[in-house]
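# Close look at the chain arrangement
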Number of protein chains: 2
Amino acid sequence: MVRVAVDAMGGDNAPGEIVRGVVDALIADTDKKLSVILVGREADVKRELEACKTEKNRSTFDESRIRIVHADDVIETGDPPVVAIRNKKESSMVKALTMVKEGEAEAFVSSGSTGAVLVGGQLIVGRLKGVQRTPLAPIIPTLNGAALLIDCGANVDAKPENLIQYAHMGTVYMKYIMGVENPRVGILNIGVEEEKGNALVKATYPLLKEEKGINFIGSVEAQGLVEGAADVIVTDAFAGNVALKMYEATGKALLKLMKDGFKSNVGSKLGAALALPSLKGKLKKFDASQYGGAPMLGLKGLVVKSHGSAKAKEIRNTLMQCIDFSEQNIPEKISGAIS
Amino acid sequence: MVRVAVDAMGGDNAPGEIVRGVVDALIADTDKKLSVILVGREADVKRELEACKTEKNRSTFDESRIRIVHADDVIETGDPPVVAIRNKKESSMVKALTMVKEGEAEAFVSSGSTGAVLVGGQLIVGRLKGVQRTPLAPIIPTLNGAALLIDCGANVDAKPENLIQYAHMGTVYMKYIMGVENPRVGILNIGVEEEKGNALVKATYPLLKEEKGINFIGSVEAQGLVEGAADVIVTDAFAGNVALKMYEATGKALLKLMKDGFKSNVGSKLGAALALPSLKGKLKKFDASQYGGAPMLGLKGLVVKSHGSAKAKEIRNTLMQCIDFSEQNIPEKISGAIS
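Summarised in this report is the structure supplied together with it. The structure presented is a predicted model; accordingly, all values stated were derived computationally and were not measured.

So, how was this worked out
- Residues numbered from 1 in each chain as written.
- Chains lettered and ligands numbered in written order.
- Predicted model: local features only at pLDDT ≥ 70, side-chain atom pairs only at ≥ 80, totals over all residues.
- Heavy atoms only, no water.
- Helix = DSSP H or I, 4+ residues; strand = E, 2+ residues; numbered from the N terminus.
- Rg over C-alpha atoms; globule rule 2.2 N^0.38 Å.
- Buried < 20%, exposed > 50% of the residue type's maximum accessible area, 1.4 Å probe, protein only.
- Contact = heavy atoms within 4.5 Å.
- Lys, Arg positive; Asp, Glu negative; His and termini not counted.
- Charge placed at Lys NZ, Arg CZ, Asp CG, Glu CD.
- Buried area = accessible area lost by both parts, 1.4 Å probe.
- Salt bridge = Lys/Arg side-chain N within 4 Å of Asp/Glu carboxyl O.
- Polar contact = N/O pair within 3.5 Å; in protein donor to acceptor, adjacent residues only side chain to side chain.
- Least-squares fit on C-alpha atoms with pLDDT ≥ 70 in both.
- Expected span 1.5 Å × (residues − 1).

This brings us to the overall build of chain A. In terms of helices and strands, chain A carries twelve helices and eleven strands. Computed over the C-alpha atoms, the radius of gyration of chain A is 20 Å, within 12% of the 20 Å expected from 2.2 N^0.38 for a compact globule of 339 residues. Overall, chain A is about 60 × 60 × 40 Å in size when its C-alpha atoms are taken along their principal axes. Per-residue burial over chain A gives 58% buried out of 339 residues. Long-range pairs, those at least 24 residues apart, make up 74% of the contacts in chain A with a sequence separation of at least 6. In chain A, 43 positive and 41 negative side-chain charges are present, and the distance between their average locations comes to 3 Å.

Contact residues are listed per partner, giving 50 residues for chain B and 50 residues for chain A. The three residues of chain B that bury the most area against chain A are B:Ile190, B:Phe238 and B:Met246, which together make up 16% of that side's buried surface. Linking chain B with chain A are two salt bridges. Between A:Glu221 and B:Lys245 there is a salt bridge; the shortest N-O distance is 3.1 Å. Here chain B is connected to chain A by four residue pairs in polar contact (both at pLDDT 80 or more).

You can overlay chain B on chain A at an RMSD of 0.0 Å; the transform is a turn of 180 degrees with a shift of 0.0 Å along its axis. Given the turn and translation reported, the copies of this chain are related as if by a two-fold rotation axis. Considering only C-alpha atoms, the residue of chain B closest to the rotation axis is B:Gly271, which sits at 1.7 Å. When the interface residues of chain B are mapped onto chain A, 100% of them again fall at the interface, so both copies present the same face.

Turning our eyes to something else, we now look at the environment of A:Val19. Residues and elements named next belong to chain A. Locating valine 19 in the fold gives a position in helix H1 (residues 16-28). For the pair valine 19 and alanine 8, spaced eleven residues apart in sequence, the C-alpha separation works out to 6.7 Å. What valine 19 contacts, discounting residues up to four positions off in sequence, is Leu38, Val45, Glu48, Leu49 and Cys52.

Here we take up H1(A). Residue and element names in this part refer to chain A. The terminal C-alpha atoms of H1 lie 18 Å apart, and with 13 residues this matches the ideal 18 Å at 1.5 Å per residue to within 8%. Along H1, the residues classified as buried are Gly16, Ile18, Val19, Arg20, Gly21, Val22, Val23, Asp24, Ala25 and Leu26. Buried residues along H1 sit in contact with strand S1 (2-7), strand S2 (34-40), helix H2 (42-53), strand S3 (66-70) and helix H11 (312-327).

Structural data, given as structure tokens:
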């Protein structure tokens, strides 16, 4: 049994979509490996669960695998992360993270404040022995399947030794969770030649080349990242975060323009009706929600940050990912890889 | 008269598209302000010019405003930039840059090796007095018009004082070339709060706030950049290059998937035929070639790097930009702003 403590109150669509994602995961999990603790305002969570019982494709969920733990407070996006984690003891996030710390749950999932999740993961769940930094490592879509971009968190100005650890953590994740044999590790760079890059990349490159236990393939530029040239892309959190957000923002803007274009006139509307099914099929490749949230690696338990805008589908996929993470005992494998 | 020395041999589509871009610019420049020196293999350039005379919409160009300067050699993309600029004296790039240095041309345009253009700009054309670094500053499309992303070059690990100079240079450019009154200057960051960012951003932010002569609006994240939240976005070249390349690569990948989707079956093909005109109208916003190449700022003359894949349209727009740059005497204004 994999027990996941879910922050029912985090994110733009909480608690409705969070609860629905949980319900969908329980239905998808036909092996009944999953049990969920929904942490949040009990009345709100109960109301959403009741609503699910009347919804098509949701009414059959197994309520016995859900437990509600009441939390009065919520950490808001605007709250300063460290202060919020320290002071909002009755918040859904702190309470849920504490359950992982105390062994009442194997995993924690939240769509709430990224900063608070990152701080809470470190302060409450805690780093594995030997881990210097705990990167946020989203699975990103590429033209050639999924890749792991590590680090996209808030812990900037990384040192070469941090990136070496990221390479190992990412390798473990892609191998045991995503089933990639011998994952190709690249370093995010602004050119593919070995002498290119900033001071950090130049210092890290030769170390990655020498490092045992990883399959280093050299520098990866943005285009290589999008095309899926590597399975794991290591980078300092600043550049990683910029790359990730540009990826998301550009995709969002183009899809919006496309939709606007389709709505322009009668002809384009008709055209859209005819072309959309195949178009959606192609664009599905770039749907980040299929992979679930971003794991924070190097912690004693599993902490996953799903998008603030996550809907039920992403939450469901995040929970399914938690099963593999726990069954594969990723923390133990990461400890082994970096020791 | 604005004299532009064009590297006829640089880029994936040279010399054909370069020559055609020059011809199109001469036709578009009805005020006859432009004269062009095409630097490259004379026979190849002449052949392309002859071909233009037989092409629709091109046959009327004024050949008297074109001069060909023969250059035997070409700097290839793979050539190490510093070595190439120093040793390939007979290359089209070095010969054309030298014309700017010696006052035979006001501007230089090339679609060739970015590294070589950046090195050549510094070593041959030379920095303005007081300028510490000469950033590459592409005009990028946003949902809300054009913006300048400065620096996207190869000169990484910038210091706060470099970014302050970029803010001034970008302000001058957006004001006098793009006609933006009081350009909004933002700093590329991974959060909008003042305390967010890496060491460079944290050190630069308070300085930008205090700096006179710029309209600093704070941090800009990727989404803000795409939405056009600022007119000038200052950043270290590493993050800037990553952001720019992610922007381009994501756009390219999505458009490819879209095209594949449209080609899937008879229905989608028909749909595409109906929807494409409005779709193209909307997506035009994101066509980077409308703004021409990326200027390298802070030099004694104008050096512009157009995309390696640039076609005639981008070259034409780049040349039109050169007229404004020269007429507005941007180097003098930049000197004034940073002194």
